[in-house]
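Descriptive structure summary
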Amino acid sequence: MGNKQTIFTAEQLDAYQDNPFRQRIAEAFSEDGEGNMTLEDFLDMFSVLSEMAPRDLKAYYAFKIYDFNNDDFICKADLEKTVNKLTRSELTEDEVRMVCEKVIDECDLDNDGRLSLEDFQHMIVRAPDFLSTFHIRI
Amino acid sequence: MPRAGLITAENNSDIDLEFTGDEDEVSTFQEELERGRHRGRRRDGDREKKKRGNRRRKGASKETVEGEEESQNRLEKRERRRKRAKRHQEARGRERDEEEQAKIKSGKKAKTRKKVKNEKTRKVEEKEEEEGEAGERNAKGKMKHGGAKREEKKEDGGKHTVKEKAQEVKKKKHKTVVETSSEEEMSEEANEDNEEEEKELRPESLSPEELENLKEAVDERKKLIQSLRGKPWPMKKKLVTLRESQEFVEKYEGALGKGKGRRLYAYKVMMSKKWMKFQRDFENFKTVCIPWEMKIKEIESHFGSSVASYFIFLRWMYGINMILFGLTFGLVMVPEALMGRPYGSISRKTVPRAEEASAMDFAVLWDCGGYAQYSVLFYGYYNSQRAIGWLKFRMPLSYFLVGVGTVAYSYMVVIRTMARNSNESGGGDDNSFNFSWKMFTSWDYLIGNPETADNKFASITTSFKEAILEEQESHKDDNIHLTRFLRVLANFLVLCCLAGSGYLIYFVVRRSQKFALDGLDTHTWWERNEVNMVMSLLGMFCPMLFDVISALENYHPRVALQWQLGRIFALFLGNLYTFIIALMDEINLKREEEMIIKYNISMWEASFYNSSVSGNSTAPPVIIQPADVPRGPCWETMVGQEFVRLIISDTMTTYITLLIGDFLRAVLVRFLNYCWCWDLEAGFPSYSEFDVSGNVLSLIFNQGMIWMGAFYAPCLPALNVLRLHVSMYLQCWAVMCCNVPQERVFKASGSNNFYMAMLLVILFLSTLPAIYTIVTIPPSFDCGPFSGKKRMFDVIAETLESDFPAWFGKVFSSASNPGLVLPFILLMVLAIYYLQSTSKSYKEVNVELKKKLQAQNEENKKKNKRAALKAQTDLEEARNATSQTAQQQQETDGDEKHASRQRLHHGTTGHNPPPPDHERRPLATRAPVPRPYHHDNHGTPGYLPGFSQQSEPRLYRVPSLQRH
């Protein structure tokens with residue numbers, strides 16, 4: 001507390017431009033799916049990415065963020081995009097493919113070759129770092 | 001006024017609550033008649049109520065809740081509806097009476113839900129009307145309710161308040177709407193709805209069963225309010241639902257109380273709300289009171305969570321030291337300073353004549369000699385007087401108990417924290433999601449600094465590459481012999497380092513004893529402070545050496561880090577223990593010296609006595625200045641002094657290394673870079689990284705020294721508080737100004753307990769020598785609170801003897817005889833063994849369950865595979881028929897899970913239709929009471945209405961429940 005800030009400085013806004021998923025975050029929380037946020041969407045975003053938000057809620061929105069094509073499944077293409085964003089495309093194609101296969105192998109419980117929300121949550125709630133890293137501070 | 005009538009109506013409804021059957025019918029009928037009679041008057045009442053509302057609105061409280069426009073709209077709507085309702089009422093008045101009579105004749109007990117609803121709502125309405133008539137008192141109470149509610153709302157959705165604020169800004173001009181009035185409006189509105197409904201459906205009785213239902217509904221709403229934050233709904237829906245539920249609860253909570261108990265019930269509700277508000281405020285207050293929160297968060301955003309974890313640890317340590325300081329300061333130092341004998345009264349409280357000249361030297365500040373030595377800061381100053389001051393404060397006892405309490409408290413805190421940490425991180429240890437976790441949780445969303453982000457990208461990439469390598473197991477151990485040889489060599493070198501540093505410390509301590517025997521004044525500053533300086537320097541340079549050596553070993557970085565930590569730990573521990581052993585030697589020396597001095601003193605006293613006796617037996621004995629009285633060396637003070645010096649020099653070296661190693665280096669790199677032949681920033685010296693593990697280790701060891709020395713120097717916790725306070729600011733500044741983020745960030749969360757375990761080990765190892773000295777070495781004869789006793793802990797027995805009644809001492813002594821103590825110890829051992837074995841078996845069960853789960857998962861996978869295969873064949877067939885139907889089938893895939901999931905996604909991703917009932921509600925003609933109830937039951941056949949709240953971990957099901 002004691003950090004009531006009403007105006008963003010330019011640096012603060014710049015600061016979040018390093019997040020590889022910034023576009024996705026905006027899209028996942030905006031109502032039109034294109035990153036144009038209403039005030040309520042914005043509030044939504046910060047409520048989910050606050051420290052106080054429960055794990056399941058965070059997991060739900062994390063799924064939305066990683067689901068690049070909005071088809072309610074994280075498919076291989078989504079995974080590849082994620083890896084490339086995380087590593088700034090420094091892995092070779094083979095490596096990326098292998099990582100994606102491993103991920104699907106680990107998480108896909110119903111064996112349909114893509115991750116559903118259930119699969120994702122099953123995996124993410126066990127991750128030790130998820131809660132400590134999946135939040136944003138202004 | 002219609003008051004009388006209304007009250008009777010209320011009474012009737014109360015009867016309704018308690019009885020069922022025909023009487024209900026009669027009562028409702030009477031009520032209806034009465035109502036008809038008073039209808040005209042009631043209209044007046046309504047008008048008045050409205051006026052009152054307006055007045056209240058004008059009486060503008062500061063909290064604006066909703067935009068004025070919104071409420072205005074609602075007002076208009078309500079007015080329109082009210083007019084319509086009244087028209088209806090009048091038109092239907094006569095019909096209704098007839099109907100009522102018919103109803104009574106038939107004597108049928110209606111059980112349709114709507115009627116019940118109607119009855120309930122009417123009752124509440126009446127209650128509210130009564131409240132309205134009853135005047136200001138109730139209104140006030142209500143206002144309070146409103147306030148509390150509003151608070152709750154604020155908390156419930158932190159965002160809610162934000163929104164409110166936004167509106168506030170927009171509509172500052174219309175700041176006249178009082179929140180309570182707006183809420184009242186809502187309820188009035190609801191009343192209108194009810195009235196409308198009344199004519200359509202005839203009011204019926206309220207059986208206990210239905211009361212139960214109502215209660216359930218209220219509970220359900222309450223639960224909903226609580227769990228609202230965890231629902232993946234858009235904010236709009238959350239707000240609407242929250243508001244509705246709160247209204248609902250507000251309105252019907254009161255209805256549940258019966259008859260006379262109602263007011264009490266309302267009072268209770270009010271109090272509980274106030275209590276909640278208070279708790280919330282208190283929580284906020286506590287959050288505000290957390291020190292350095294903003295600093296740490298800023299660092300967190302620049303350097304990621306691992307560096308921040310160091311500062312959080314530092315803060316935690318600061319808290320512990322604060323408490324230790326409070327204990328020693330409040331129970332030992334202050335009483336002695338205030339109530340004990342003043343300085344100069346006796347020899348132990350006076351600077352000896354020989355040192356008087358140098359007692360005020362500047363060097364006292366770090367040597368802690370001179371006046372500092374003969375003050376409350378050290379053991380020797382305390383008097384052995386049993387009780388001091390008018391409070392009869394038992395000084396020696398207090399001293400002893402504080403010493404024990406410090407250690408006990410530290411143990412308790414550390415172990416409790418460890419247990420909590422292990423609870424939090426429990427279960428996250430299996431490695432089955434290695435890649436997934438790397439992919440989905442490795443990005444630290446907190447990072448808000450381009451440099452850190454670059455490093456993070458790099459480290460993620462390398463971690464992926466490493467994982468791939470490990471996975472492929474193409475880890476070519478091409479020259480395993482060389483690696484082995486190098487590792488053995490490295491360990492040998494490290495061992496040499498450790499032994500060397502140990503010997504160096506021992507040597508230096510022995511040398512310093514020689515210096516001390518010669519007298520300190522003849523030596524230079526370096527010779528006097530050699531021990532501490534050598535220890536600090538070793539602590540500074542050896543880790544660097546280890547770092548270089550570990551490059552030989554070619555370990556995986558995480559393993560290397562562990563080795564490094566282990567080695568530094570061993571180094572510090574070795575140094576500390578060498579120091580203690582040397583100190584023990586010194587203690588023994590001092591005790592021999594003490595023996596001699598004691599003998600001399602007795603001789604001196606005897607001679608003095610003899611001389612005075614022989615001179616003139618009647619002359620008053622010559623008064624000797626306390627400064628001149630010969631005294632023993634007081635080894636306790638010496639130990640305390642050593643520790644204080646150690647802490648001071650350690651602090652100084654830490655700060656100086658910080659300034660030179662970090663700040664100066666950063667300045668040089670920054671400014672020499674303009675005129676240098678290679679890039680200093682990117683090349684060799686570059687900026688320093690923040691070394692989390694090293695810093696944590698030095699913090700832990702510092703704390704260990706505090707624990708060790710605190711018994712002999714009560715000022716140590718105070719000193720440590722000071723040190724931690726300064727280093728908090730200094731290190732925060734240094735990190736922000738001259739460090740760069742680490743290239744390889746290791747998980748901080750996993751190693752938290754690792755550090756705690758280290759702290760526990762250090763705590764144990766540092767209390768060990770302290771306890772040993774307390775128990776085995778007899779205290780000095782002429783200084784400290786225990787002087788004159790054989791052992792320090794004798795103070796307990798003394799207290800038992802003289803301060804407690806005789807029977808207590810007897811009980812205690814009989815309880816402490818071996819016959820009782822041994823079985824007790826045996827029992828404890830057995831209990832420990834039992835607990836340990838049960839925990840072991842639990843662990844085994846856990847592992848078993850985990851295995852089972854995995855097996856089940858595998859089975860599911862297989863099953864699904866089969867199902868998928870089957871579906872695929874079906875698909876093929878279907879594709880032959882038509883391509884379109886085939887596509888549809890693919891989506892429903894024969895797998896039930898998919899179907900449900902699809903449903904779910906319909907619900908959650910389509911933002912457009914928020915639940916129909918919430919949106920349409922103001923227009924609805926039915927009473928709002930049991931609607932959600934209704935709706936839930938309708939929406940999800942087979943699901944219990946409360947199910948969604950209970951299934952917390954499967955939250956994603958909620959939307960599908962709520963939406964349909």
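Quick caveat: nothing in here was measured; it's all calculated off a predicted structure.

**Let's talk about the overall build of chain A**
- Counting its secondary structure elements, chain A contains eight helices and zero strands.
- Taking all 138 residues of chain A together, the buried fraction comes to 54%.
- Within chain A, contacts between residues at least 6 apart in sequence are counted, and of these 53% link residues at least 24 apart.
- Accessible area for chain A stands at about 6,100 Å²; split by element, carbon and sulfur atoms hold 49% of it.

**Digging into the overall build of chain B**
- On a plain count of helices and strands, chain B comes out with 34 helices and two strands.
- Relative to its 964 residues, chain B shows a buried fraction of 47%.
- Restricting to contacts in chain B with at least 6 residues of sequence separation, those with at least 24 account for 80%.
- Of the roughly 50,200 Å² of accessible surface on chain B, 60% is carried by carbon and sulfur atoms.

**Here we look at the nonpolar core**
- By size, the foremost hydrophobic cluster in this structure holds 100 residues, and its most contacted members are Phe311, Phe711 and Met792 of chain B.
- The residues touching Phe311 of chain B, leaving out its near neighbours within four places in the chain, are Ile296, Ile299, Phe690, Met728, Gln731, Cys732 and Val735 of chain B.
- Membership of the second largest hydrophobic core comes to 52 residues, among which are Ala28, Tyr66, Val96 and Cys100 of chain A.

**A word on the interface of chain B and chain A**
- Contacts between chain B and chain A engage 69 residues on the former and 72 residues on the latter.
- Across the chain B-chain A interface, the total number found is zero salt bridges.
- Where chain B touches chain A, the interface holds three residue pairs in polar contact (both at pLDDT 80 or more).
- If you list the elements that add at least two residues to the side of chain B that touches chain A, you get helix 6 (158-170), helix 9 (235-256), helix 10 (261-289), helix 11 (293-303), helix 16 (434-441), helix 17 (450-472), helix 28 (818-881) and helix 30 (896-909) of chain B.
- When residues of the side of chain B that touches chain A are assigned to their parent elements, the largest contribution, 11 residues, is made by helix 17 of chain B.
- Across the side of chain B that touches chain A, the residue classes tally to 28 nonpolar, 22 polar and 19 charged.

**What to know about helix 2 (residues 22-29) of chain A**
- Taken as a whole, helix 2 of chain A has its buried residues at Arg24, Ile25, Ala26, Ala28 and Phe29 of chain A.
- Packing partners of the buried residues in helix 2 of chain A comprise helix 3 (39-48) and helix 4 (55-66) of chain A.

Reading the values: rules and limits
Residues numbered from 1 in each chain as written. Chains lettered and ligands numbered in written order. Predicted model: local features only at pLDDT ≥ 70, side-chain atom pairs only at ≥ 80, totals over all residues. Heavy atoms only, no water. Helix = DSSP H or I, 4+ residues; strand = E, 2+ residues; numbered from the N terminus. Buried < 20%, exposed > 50% of the residue type's maximum accessible area, 1.4 Å probe, protein only. Contact = heavy atoms within 4.5 Å. Areas by Shrake-Rupley, 256 points an atom, 1.4 Å probe, with all protein chains shown as cover. Core = buried A, V, L, I, M, F, W, Y, C linked by side-chain atoms within 4.5 Å. Salt bridge = Lys/Arg side-chain N within 4 Å of Asp/Glu carboxyl O. Polar contact = N/O pair within 3.5 Å; in protein donor to acceptor, adjacent residues only side chain to side chain. Nonpolar A, V, L, I, M, F, W, Y, C, P; charged D, E, K, R; others polar.

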